[in-house]
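# Results of the structural survey
For reference, the chains in residue letters:
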Amino acid sequence: MAALGVAACEKDAEMLALIEELTANAGRVQERVLAEILTQNSEAEYLKQKCDLGGATDRATFKAKVPVVTYEDVRPEIQRIADGDCSAILSGHPITEFLTSSGTSAGERKLMPTIQEELDRKQLLYSLLMPVMNLYVDGLDKGMGLYFLFVKAESKTAGGLPARPVLTSYYKSHHFRHRHFDPYNVYTSPTAAVLCPDAFQSMYAQMLCGLHHRLRVLRVGAVFASGLLRAIRFLQLHWRQLAHDIATGTLTPRVSDPAVRAAVAEVLTRPDAALAEVIESECAGGDWAGIVARIWPNTKYLDVIVTGAMAQYIPTLEFYSGGLPMACTMYASSECYFGLNLRPMCKPGEVSYTIMPNMAYFEFLPLEDGLSSGSAATGAPLQLVDLARVEVGKQYELVITTYAGLCRYRVGDILQVTGFYNSAPEFRFVRRKNVLLSIESDKTDEAELQRAVERASALLRRWGASVVDYTSQAETRSIPGHYVIYWELLVRSEGEDRWPPKEALEACCLEMEEAMNSVYRQSRAADGSIGPLEIRVVRGGTFEELMDYAIGRGASINQYKVPRAVAFEPIIELLDSRVVGAYFSPACPKWTPQPRN
Ligand code: AMP
């Protein structure tokens with residue numbers, strides 16, 4: 001049996017033994033988990049009436065009777081729970097809250113039901129992370145972690161259940177707020193700062209405390225790469241005020257939340273002119289290369305997810321961090337936490353996640369030629385593969401059955417098997433299905449972009465103009481990143497004065513933002529984590545050149561389709577060299593925590 005390595009302490013040894021046990025018996029653990037889930041939820045309407053499972057808890061009956069579903073299939077059940085129906089609909093245990101996924105349905109966040117005990121399962125997965133990290137990095141108990149963690153706005157469903165992002169739920173839980181002291185998990189951010197709903201105050205307090213503990217910081221992180229880059233941008237914008245507060249031992253009145261002020265006062269107990277001087281001398285020159293390593297010189301690694309959509313941030317993070325290693329530690333979602341990276345110090349391109357077989361029941365839909373097998377077109381039943389039976393090299397779509405009552409639910413993630421740890425497969429995250437553009441947690445698909453372009457281009461009619469063709473790019477070199485939409489316009493009447501004026505094209509930018517899903521609008525309007533949408537008008541004939549370029553590289557002229565998003569640098573260069581005008585959204589789109597009707 002492969003052993004992970006020598007544990008750093010007794011508690012770590014227990015956790016590593018648990019990983020060994022779970023991965024060595026993946027098949028058996030999965031069978032037990034399925035039986036537990038089906039027993040717990042046997043009286044729930046979904047399994048009892050809709051699937052007619054008759055109390056069976058075995059795999060064969062489950063696979064024969066329970067259909068593979070998407071969110072749209074279970075939306076009616078979820079809506080009833082959200083509206084206040086407390087009967088056992090999906091789960092035998094009471095649904096305690098909804099976790100709002102960054103995936104959307106009809107433009108609104110998906111609502112994922114959860115039950116109380118799920119927090120224990122999440123906690124268990126979190127508790128495996130440091131024992132694994134300690135195998136690769138020594139001495140993490142001798143200092144602190146600077147983690148930028150945030151809560152987001154939450155709402156209540158019509159039936160009164162909280163609806164909030166999974167991390168907001170976790171940070172507000174007893175598990176996080178009253179966690180026991182653990183020398184390997186000492187954070188610079190006071191809990192009150194993490195829990196402050198005001199993004200500026202929260203970030204300011206976390207940055208200030210991170211600077212105060214400058215020499216004790218051994219790792220710097222955020223959940224996603226985009227979050228860490230926002231923190232760096234915040235430092236660029238506010239270092240003068242931060243240095244001032246450190247030099248004087250005061251806290252700017254812009255942080256007004258009494259709990260945050262009290263927590264910061266406990267950290268910043270006296271003026272520290274020497275520290276303020278260091279911050280000023282590092283920031284004042286305007287040289288931001290390697291700023292993380294310069295401000296926090298003892299940092300051993302960045303703890304941040306740079307797989308999937310976040311891979312686009314790797315070069316920028318390398319620039320600001322001075323080439324520090326990036327550790328991607330876990331893979332999780334609102335529906336369920338999946339697993340962890342057993343080699344967290346590997347290169348970003350080599351990251352694989354091992355799904356922990358105790359978290360839920362996992363099945364895998366093989367992907368053939370990029371499409372899930374058993375498509376609706378052929379009508380053939382979907383052939384799902386069990387966790388322990390997936391094959392190395394193959395790609396699959398992840399399907400989960402959770403304790404909270406999602407049954408054979410398609411998550412939408414495409415994974416590739418890279419190997420096995422004991423009998424548990426390791427997966428590379430390949431992509432999320434149907435995502436065209438993503439800056440942060442937003443996921444905009446092709447249909448959403450198409451609708452947005454249609455809505456905005458309608459505003460051009462009065463100028464006798466229309467959009468001939470379009471494509472887009474997630475621009476992530478600037479912080480925060482923003483959507484760039486390339487438009488080729490056709491203007492029917494000749495003459496300069498018939499060209500739509502700047503204000504008209506800016507209005508198109510805003511109209512497009514108004515048409516985007518609620519996750520996008522929240523990131524723009526409430527969190528400021530996405531910058532204003534930009535339209536770049538390209539000169540006539542550009543999209544034909546784009547086609548010529550693709551055909552020159554081997555694309556078939558008959559099958560050529562305009563890509564609705566581009567990431568390939570030569571294509572972006574081609575588009576940018578043809579730009580005749582660039583316009584930005586002049587305001588934020590409307591957003592409220594309550595779903596739109
Ligand atoms: P949400 O439900 O909004 O928390 O989003 C969960 C989704 O984020 C997952 O289904 C993945 O598509 C993506 N995700 C989460 N963790 C990772 C990771 N470590 N690497 C790549 N993508 C991830």
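Here, the structure is the one placed above.
Read on for a plain summary of the structure. Owing to the predicted nature of the structure, the values given are computational and were not obtained by experimental measurement.

### A short note on the packing of helix H10 (residues 199-212) against helix H12 (residues 258-267)
Relative orientation of the contacting elements H10 and H12 amounts to 5 degrees, with a least axis distance of 10 Å. Taken together, the axes of H10 and H12 are roughly parallel relative to one another. On the side of H10, the interface is formed by Gln201, Ala205, Leu208, Cys209 and His212, while H12 contributes Val260, Val264 and Val267. Considered class by class, the residues forming the contact of H10 with H12 number 6 nonpolar, 2 polar and no charged.

### Focus on the environment of Ile78
Tracing the backbone shows Ile78 in helix H5 (residues 71-82). Owing to a relative accessible area of 1%, Ile78 belongs among the buried residues under this scheme. Expressed as a C-alpha distance, the spacing of Ile78 and Leu235, which sit 157 residues apart in the sequence, is 42 Å. Beyond its immediate sequence surroundings of up to four residues, Ile78 is in contact with Tyr71, Leu90, Phe98, Leu111 and Pro113.

### Some words on helix H19 (residues 542-552)
One full turn of an α-helix is made of 3.6 residues, so residues set three or four places apart face in the same direction. All of the buried residues in H19 are Thr542, Phe543, Leu546 and Ala550. Seen end-on, H19 carries its buried residues on one side only, within an arc spanning 100 degrees. Away from its buried face, by an angle of more than 90 degrees, H19 presents the exposed residues Glu544 and Gly552. Looking at the buried positions of H19, the neighbouring elements they touch are strand E18 (465-475), strand E19 (482-491), strand E20 (534-538) and helix H20 (569-577).

### Here's the deal with the site of the ligand
Within the structure, the ligand sits among 17 residues, and Ser102, Thr307, Met330, Ser334 and Asp413 are positioned closest to it. Between Thr307 and the ligand, the recorded distance is 2.6 Å, taken from a side-chain N or O atom to a nitrogen atom. At 2.7 Å from an oxygen atom of the ligand is found a side-chain nitrogen or oxygen belonging to Asp413. The fraction of the free accessible surface of the ligand (500 Å²) that becomes covered by protein chains is 89%. Counting only elements with at least two residues in the shell around the ligand, the list comes to strand E1 (95-105), strand E9 (330-332), strand E16 (409-421) and strand E17 (424-432). Of all the elements, E9 adds the most residues to the shell around the ligand, at 3 residues.

### Focus on the pairing of strand E7 (residues 301-305)
Burial runs high along E7: 5 of the 5 residues are buried. Neither face of E7 is exposed, since Tyr301, Asp303 and Ile305 on one face and Leu302 and Val304 on the opposite face are all buried. Alignment of E7 against strand E8 (residues 326-327), held across 2 bridges, turns out to be parallel. In the strand pairing of E8, Leu302 is matched with Met326. Taking the sense of rotation as the criterion, the β-α-β connection linking E7, helix H15 (residues 314-321) and E8 turns out right-handed.

### With respect to the packing of aromatic side chains
Scanning the model with the defined rule gives 18 aromatic pairs in all. Between Tyr483 and Tyr520 the ring centres are 4.8 Å apart and the planes differ by 50 degrees, which places this aromatic pair in the tilted class. In this pair, Tyr483 is assigned in strand E19 and Tyr520 in helix H18 (residues 518-527), connecting sequence segments 37 residues apart. As far as the burial class goes, Tyr483 and Tyr520 line up, both buried.

### Some points on the nonpolar core
Grouped together as the largest cluster of nonpolar side chains are 171 residues, with contacts concentrated most on Leu235, Phe362, Phe364, Leu398 and Trp487. Examining the composition of this core, we find that 11 residues originate from one element, helix H11 (residues 225-248), more than from any other. In this structure, Tyr486, Ile571, Leu574 and Leu575 belong to the second largest nonpolar core, which totals 12 residues.

### Some details on the pattern of salt bridges
Using the criterion set out here, one finds 37 salt bridges in the structure. Notably, a salt bridge pairs Lys152 with Asp527, separated by 3.0 Å at the nearest N-O pair. Of this pair, Lys152 sits in the loop between strand E3 (144-148) and strand E4 (155-156) while Asp527 sits in helix H18, placing them 375 residues apart in sequence. When its relative accessible area of 18% is taken as the criterion, Lys152 is described as buried. Taking relative accessible area as the criterion, Asp527 reaches 15% and is therefore assigned buried. Among the charged side chains, a network of salt bridges with common partners joins Glu31, Arg59, Lys63, Glu363, Asp386 and Arg408.

### Things to note about the sheet that holds E19
Here 4 strands make up an open sheet; going across it, the order is E18-E19-E20-E21 and the pairing mixed. Two strands lie at the open edges of the sheet, namely E18 and strand E21 (579-584), each paired on one side alone. Neighbour-to-neighbour, the strand axes of this sheet turn through a mean angle of 25 degrees, independent of strand direction. In this structure, E19 lies alongside E20, joined through 5 bridges in parallel fashion. The residue of E20 that forms the bridge with Trp487 is Val537.

### Focus: the sheet that holds E7
Read from one edge to the other, the open sheet built from 4 strands follows the order E3-E6-E7-E8, with strand pairing classed as parallel. Two strands in the sheet have a free side with no partner beyond their single neighbour: E3 and E8. Bridging between E3 and strand E6 (residues 217-224) involves 5 bridges; their strand directions are parallel. Residue pairing in the sheet places Met144 in a bridge with Val217 of E6. This element, H10, spans E3 and E6 of the sheet and lies at about 160 degrees to E3.

### Examining unusual backbone geometry
In this chain, Ile479 is followed by Pro480 through a cis amide linkage whose omega measures -5 degrees. Considering the arrangement of structural elements, one finds Pro480 in the loop between E18 and E19. The phi torsion at Asp52 lies on the positive side, around 50 degrees, for a residue other than glycine. Position of Asp52 relative to the elements: it lies in the loop between helix H3 (45-50) and helix H4 (59-65). Of note in this structure, Asn422 is not a glycine but carries a positive phi near 50 degrees.

### Notes on the environment of Asp12
When you line up the elements, Asp12 lands in helix H1 (residues 10-24). Every residue in contact with Asp12, bar those within four places of it in the chain, is listed here: Ala7, Met130, Pro131 and Asn134.

### Here's the deal with the environment of Val166
With respect to the secondary-structure elements, Val166 resides in helix H7 (residues 166-172). For Val166, a relative accessible area of 13% corresponds to the buried category. Taking the C-alpha atoms as reference points, Val166 and Leu574, separated by 408 residues in sequence, lie 41 Å from one another. Ignoring anything within four residues of it in the chain, the contact list for Val166 reads Leu99, Lys122, Ser334 and Tyr337.

The rules behind these values
- Residues numbered from 1 in each chain as written.
- Predicted model: local features only at pLDDT ≥ 70, side-chain atom pairs only at ≥ 80, totals over all residues.
- Heavy atoms only, no water.
- Axes fitted to C-alpha atoms, helices over the stretch in contact; angles between N-to-C directions.
- Helix = DSSP H or I, 4+ residues; strand = E, 2+ residues; numbered from the N terminus.
- Parallel < 35°, antiparallel > 145°, perpendicular 65-115°, else oblique.
- Contact = heavy atoms within 4.5 Å.
- Nonpolar A, V, L, I, M, F, W, Y, C, P; charged D, E, K, R; others polar.
- Buried < 20%, exposed > 50% of the residue type's maximum accessible area, 1.4 Å probe, protein only.
- Arc of directions from axis to C-beta.
- Near = heavy atom within 4 Å.
- Polar contact = N/O pair within 3.5 Å; in protein donor to acceptor, adjacent residues only side chain to side chain.
- Areas by Shrake-Rupley, 256 points an atom, 1.4 Å probe, with all protein chains shown as cover.
- Pairing = 2+ DSSP bridges.
- Right-handed = clockwise from strand over helix to strand, strands pointing away.
- Phe/Tyr/Trp six-rings, centres within 6.5 Å; stacked < 30°, edge-to-face > 60°.
- Core = buried A, V, L, I, M, F, W, Y, C linked by side-chain atoms within 4.5 Å.
- Salt bridge = Lys/Arg side-chain N within 4 Å of Asp/Glu carboxyl O.

What is shown is where atoms sit, not what they do.
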